[in-house]
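Listed below are the residues making up each chain.
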Amino acid sequence: MPFITTSDGAQIFYKDWGSGRPVVFSHGWPLNADAWDDQLMLLASNGYRAIAHDRRGHGRSTQTWNGNDMDTYADDLSELLDTLGLSNAVLVGHSTGGGEVTRYLGRHGTSRVSKAMLIGAVPPLMLKTEANPEGSPRSVFDRIRAGLAADRSQYYRDLSLPFYGANRPGSTVSQGKRDEFWLQSMAAGLKAAYDCVREFSEVDFTEDLKRIDIPVFVGHGDDDQIVPIQAAALKTVQLLKDATLKVYPGASHGIVGAYEAAFNADLLTFVRD
């Protein structure tokens with residue numbers, strides 16, 4: 001299996017399918033590169049080089065005790081792009097992966113990247129503060145940590161309901177999709193998953209967003225129960241220099257069903273332009 005070794009010795013697993021213009025995907029918490037398999041296959045089948053990695057502590061990558069923070073995630077992504085020698089790349093980040101992409105662009109610049117997509121992404125800040133009243137109270141994230149510490153397996157099973165909107169009337173989300181979420185989540189180390197809660201909830205990406213000088217597609221479901229759109233996409237587009245906003249009506253946080261079909265069409269259009 002392909003890995004890169006980072007400067008601190010962590011091994012980062014990645015998938016590298018197809019050839020052509022590179023499109024690099026960053027996954028949400030607490031998943032791994034497998035979450036992007038449908039998109040990797042779609043792009044590789046349409047003349048692109050599709051790449052996705054497991055964030056450190058997740059999936060097949062090293063479960064490091066230290067380094068489970070957004071700066072290190074961004075540095076790992078930078079080392080992946082550098083090691084593979086990528087240029088003119090499109091970065092795609094979902095949820096926490098959107099934070100990773102944003103921090104990478106703010107921290108390392110855009111010399112290797114020409115476009116980015118932020119989908120259901122956590123920037124600019126999820127936590128409710130005096131300056132960010134649209135955010136979620138700290139108690140929301142404390143409950144996540146408590147759920148992980150008490151019984152992470154059951155917590156992930158329960159989380160799959162709102163993640164995919166399977167708790168909404170008329171939902172057609174399959175048990176298989178929910179089981180896939182649980183399986184990927186359990187492959188994340190407990191320490192990495194626990195530490196990452198702070199990273200997706202308390203890290204402020206405002207200054208990173210202001211520094212980004214490439215076109216960014218910002219997509220978000222208006223029924224996202226995990227990363228509410230009011231504190232995320234609607235504020236993100238106001239901070240970016242060149243942003244296109246796409247609101248997916250009735251869409252959940254997880255990219256599934258009609259939401260996935262619409263996103264896949266937008267993804268192909270965006271990377272082709």
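Everything that follows concerns the structure shown earlier in this document.
These numbers were taken from a predicted model, which means no experiment stands behind them.

A.B. asks: It is not clear to me how the sheet that holds strand 1 (residues 3–5) should be interpreted in this structure. Could you clarify?
C.D. replies: One open sheet accounts for eight strands, arranged 1-2-4-3-5-6-7-8; its pairing is mixed. Edge positions in the sheet fall to strand 1 and strand 8 (243–248), since each has one partner strand and no second. Ignoring strand direction, the axes of neighbouring strands in this sheet form an average angle of 20 degrees. Where strand 1 meets strand 2 (residues 11–17), three bridges bridge the pair, whose relative direction is antiparallel. Looking at strand 2, one finds that T5 is bridged to Q11. Set on the sheet, helix 3 (residues 96–108) makes contact with strand 3 (21–26), strand 4 (48–53), strand 5 (89–94) and strand 6 (113–119); between it and strand 5 the angle comes to about 140 degrees.

A.B. asks: I would appreciate a short explanation of the pattern of salt bridges in the present structure.
C.D. replies: Opposite charge on two side chains permits them to pair, given that their charged atoms come into close proximity. The tally for this structure, following the rule as stated, stands at 24 salt bridges. Among the salt bridges present, the one from D34 reaches K15, with a minimum N-O distance of 2.6 Å. Within this pair, whereas D34 is found in the loop between strand 3 and helix 1 (37–44), its partner K15 is found in strand 2, the two being separated by 19 residues in sequence. The class of K15 is buried, set by a relative accessible area of 9%. Of the charged contacts, one joins D71 and R103 as a salt bridge, the two residues approaching to 2.6 Å between their closest N and O atoms. Linking D71 in helix 2 (residues 70–84) with R103 in helix 3, this pair joins segments that are 32 residues apart in sequence. Accessibility expressed as a relative area gives 28% for D71, which makes it partly exposed.

A.B. asks: Help me out: how do you make sense of a nonpolar patch on the surface in this one?
C.D. replies: Where nonpolar side chains cluster on the molecular surface, the patch consists of L234, L245 and V247 and spans about 200 Å² of accessible area. The topology assignment puts V247 in strand 8.

A.B. asks: Explanation requested: unusual backbone geometry in the structure shown.
C.D. replies: Generally, phi is negative for residues other than glycine and the peptide bonds are trans, each holding for most cases. Between W29 and P30 the backbone carries a cis peptide bond, its omega angle lying at -10 degrees. Assignment of secondary structure puts P30 in the loop between strand 3 and helix 1. In this structure, the amide linkage connecting P123 to the following residue, P124, adopts the cis form with an omega of 0 degrees. Locating P124 in the fold gives a position in the loop between strand 6 and helix 4 (138–163). The backbone of N88 shows a phi angle near 55 degrees, a positive value even though the residue is not glycine. Following the sequence through the fold, N88 ends up in the loop between helix 2 and strand 5.

A.B. asks: Mind showing me how you'd approach the nonpolar core here?
C.D. replies: As a rule of thumb, soluble globular proteins bury nonpolar side chains together. Of all hydrophobic cores here, the largest spans 27 residues; its most connected members are V24, L80, L81, L91, Y104 and L105. Contributing elements (two or more residues each) for this core: strand 2, helix 2, helix 3, strand 6 and strand 7 (216–221). With residues up to four places along the chain from it excluded, the contact list for V24 reads I51, L77, L80, L81, L86, V90, L91 and V92. Membership of the second largest hydrophobic core comes to 26 residues, among which are V122, F181, A193 and C196.

A.B. asks: Is there a simple way to think about the environment of N32 in this case?
C.D. replies: Tracing the backbone shows N32 in the loop between strand 3 and helix 1. Under the relative-accessibility criterion, N32 is labelled buried at 3%. For the pair formed by N32 and D69, sequence separation is 37 residues and the distance between their alpha carbons is 16 Å. Sequence-distant contacts of N32, defined by excluding residues within four places in its chain, comprise H27, D54, G59, R60, Q184 and A187.

Analysis parameters
The residue numbering used here restarts from 1 in each chain and proceeds along that chain's sequence as written. Given that the model is predicted, a residue must reach a pLDDT of at least 70 before its local features are reported, and side-chain atom pairs must reach 80 or more before they are shown or counted; all residues, however, enter totals for whole chains, interfaces and linings. Values shown for side chains rest on all heavy atoms present in the structure; no hydrogens or waters enter the calculation. One requirement defines pairing of two strands: DSSP has to find at least two bridges between them. Secondary structure counts use DSSP, requiring at least four H or I residues in a row for a helix and at least two E residues in a row for a strand, with both numbered from the N terminus. Axis definition: a line fit to C-alpha positions, over the contact stretch in the case of helices; interaxial angles, taken between N-to-C directions, run 0 to 180 degrees. Only heavy atoms enter the contact rule, under which two residues are in contact if any of them lie within 4.5 Å. By convention in these notes, a salt bridge is any Lys or Arg side-chain nitrogen within 4 Å of a carboxyl oxygen on Asp or Glu. Three labels apply to residues, based on accessible area from a 1.4 Å probe with only protein chains included: buried if under 20% of the type maximum, exposed if over 50%, partly exposed otherwise in between. By definition, no residue in a patch forms a salt bridge, and every one has over 30% relative accessible area; like charges are joined within 9 Å, nonpolar side chains (Val, Leu, Ile, Met, Phe, Trp, Tyr) within 5 Å. Residue exposure ignores everything except the shown protein chains as possible cover, and the areas themselves are Shrake-Rupley values with a 1.4 Å probe. Definition of nonpolar core: a set of buried residues of the types Ala, Val, Leu, Ile, Met, Phe, Trp, Tyr and Cys, connected through side-chain atoms within 4.5 Å.

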